[in-house]
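A structural walkthrough
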Amino acid sequence: MREARFRDHFWSTDLTSTVGYDSIIQHLNDGRKNCKEFEDFLKERAIIEEKYGKELINLSKKKPCGQTELNTLKRSLDVFKQQIDNVGQGHIQLAQTLREEAKKMEEFREKQKLHRKKIELIMEAIHKNRNLQYKKTMEAKRLYEQRCRDKDEAEQAVHRNANLVTQKQQEKLFLKLAQTKSALEDSDRGYQQSITALEKIREEWLKEHIKACEFFETQECERISYFRNALWLHVNQLSQGCVQNDEKYEEIRKSLEMCSIEKDIDFFVNLRKTGSSAPAPVVYENYYNTQRNATPVRSPVSVPISRRAPLPTPTSGPGDPDYATIDGYSLIHH
């Protein structure tokens, strides 16, 4: 149960002092400034989150990362880059959320400012009226006190000169005394009227001061509650972002669990194999031994000697113009 109240602890014995009221207003202004600082913090954080998210997305899309890997590890890398892209998208979404929260904080600040302004205008007017009436009352008091001194001096003059002055001079002293008494009565009435007016204003100010204190206290409670909840929400949003990111990273871990070293080795061998036989050793050959042991190369298979078949009997006779013989050889003209 809260015991300290604004209405009980922000007074001053000086009627014209506003030290208590000013202290409250300064605290409320500081609170409003603190809300503005948190609002700016959210906006700056949003800029950082958006920039980071965009850079992650650009990194995942443009930066090579194991682009020549094969089979299961390649699939894991694909999942890795996709989830990094998703993480970047998450940071961009968080940036938008932070901007929305900053906007809400701004609206809350302006709403409180607007409501406060009405109370402050009332209090400024009543402070001005109170101080003005207090000044008039003090002037009436000074006049009253001066008239009292004037009356006292007039009475003393009458007593001092009772037997020393003429009848005419005594009449003048009594006339002055009567005038000072009349002036005193007028100033006394004016002074009492000022006191009455001041008291009425003072009572009105007291009521308005109490109402203002209660209003400002309620507003400050609302501000602290809103600020606290905004901080709580902000931290929850950051925690949620971490959880969501970890879920994305878990997808990468699951993919890596499916990665098989044996399968990737087998896949590469089957895809890129070049042969299963290694080259034979290169042996030493002595040049001279090679020359001595050299033998003529003969064909292992005998080549049969072909013989020409008998010439065919010419179909044309010796008298045929296409037929001619030279030294026992025949010549056929075509």
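Before any of the text, the structure's been laid out above.
Positions within a chain are numbered from 1, following the residues in the order the chain's sequence is written. Two thresholds apply to this predicted model, a pLDDT of at least 70 for residue-level local features and 80 or more for giving and counting side-chain atom pairs, whereas whole-chain, interface and lining totals are computed over all residues. Calculated side-chain values reflect all of the structure's heavy atoms, with hydrogen atoms and water omitted.

1. A look at the nonpolar core
When a protein is soluble and globular, its nonpolar side chains tend to lie buried together. Our working rule: The definition of a nonpolar core used throughout is a set of buried Ala, Val, Leu, Ile, Met, Phe, Trp, Tyr and Cys residues joined through side-chain atoms within 4.5 Å. The classification of residues rests on relative accessible area computed with a 1.4 Å probe and restricted to protein chains. Under 20% of the type maximum is buried, over 50% is exposed, and intermediate values are partly exposed. For the purposes of this entry, the term helix denotes a DSSP run of H or I that reaches at least four residues, the term strand denotes a run of E that reaches at least two, and both are numbered from the N terminus. Residue contacts are counted whenever heavy atoms from the two residues lie within 4.5 Å of one another.
Phe 6, Tyr 21, Ile 24, Met 123, Trp 205 and Phe 216 are the most contacted members of the largest nonpolar core, which has 13 residues in total. At five residues, helix H4 (residues 167-257) tops the list of elements feeding residues into this core. The contact partners of Trp 205, leaving out residues within four places of it in the chain, are Trp 11, Leu 15, Met 123, Ile 126, His 127 and Arg 130. Counting residues in hydrophobic clusters, the runner-up holds 11 residues, among them Phe 38, Ala 102, Phe 227 and Ala 230.

2. A word on the environment of Glu 106
Considering the arrangement of structural elements, one finds Glu 106 in helix H3 (residues 71-160). Given the relative accessible area of 26%, Glu 106 is considered partly exposed.

3. Structural notes on the layout of surface pockets
The test is simple: A 1.4 Å probe that fits into a set of points on a 1 Å grid over the protein atoms alone but cannot get out defines a cavity; an open set with protein on both sides within 12 Å along at least five of seven lines defines a pocket, and lining residues are those with an atom within 4 Å of a point. Grid points are joined across faces, edges and corners, and a volume is the space filled by probe spheres set on the points. All amino acids are sorted into three groups, where Ala, Val, Leu, Ile, Met, Phe, Trp, Tyr, Cys and Pro are nonpolar, Asp, Glu, Lys and Arg are charged, and the leftover types, Gly among them, are polar.
Estimates place the volume of the largest pocket at around 270 Å³. Lining of the largest pocket is provided by 16 residues; of these, Gly 90, Leu 94, Gln 237, Gly 241 and Gln 244 occupy positions nearest its centre. Among the secondary structure elements, those contributing two or more residues to the lining of the largest pocket are helix H2 (19-62), H3 and H4. Ranked by the residues each element gives to the lining of the largest pocket, the list is headed by H4, at eight residues. Of the residues belonging to the lining of the largest pocket, the class tally is four nonpolar, nine polar and three charged.

4. Focus on the side chain of Ser 187
By the element assignment, Ser 187 lies in helix H4. Beyond its immediate stretch of four places on either side in the chain, Ser 187 contacts Leu 143, Tyr 144 and Arg 147.

5. As for the pattern of salt bridges
Where we set the bar: Any carboxyl oxygen of Asp or Glu within 4 Å of a side-chain nitrogen of Lys or Arg constitutes a salt bridge here.
A complete count under the given rule lists 22 salt bridges for this structure. When the shortest N-O distance is used, the salt bridge between Arg 116 and Glu 120 registers 2.7 Å. Of the two residues, Arg 116 and Glu 120 both sit in helix H3, four residues apart, roughly one turn of that helix. When sorted by exposure, Arg 116 lands in the same class as Glu 120, which is buried. Linked by salt bridges that have partners in common, Arg 32, Glu 39, Lys 43, Arg 109 and Glu 110 make up one network.

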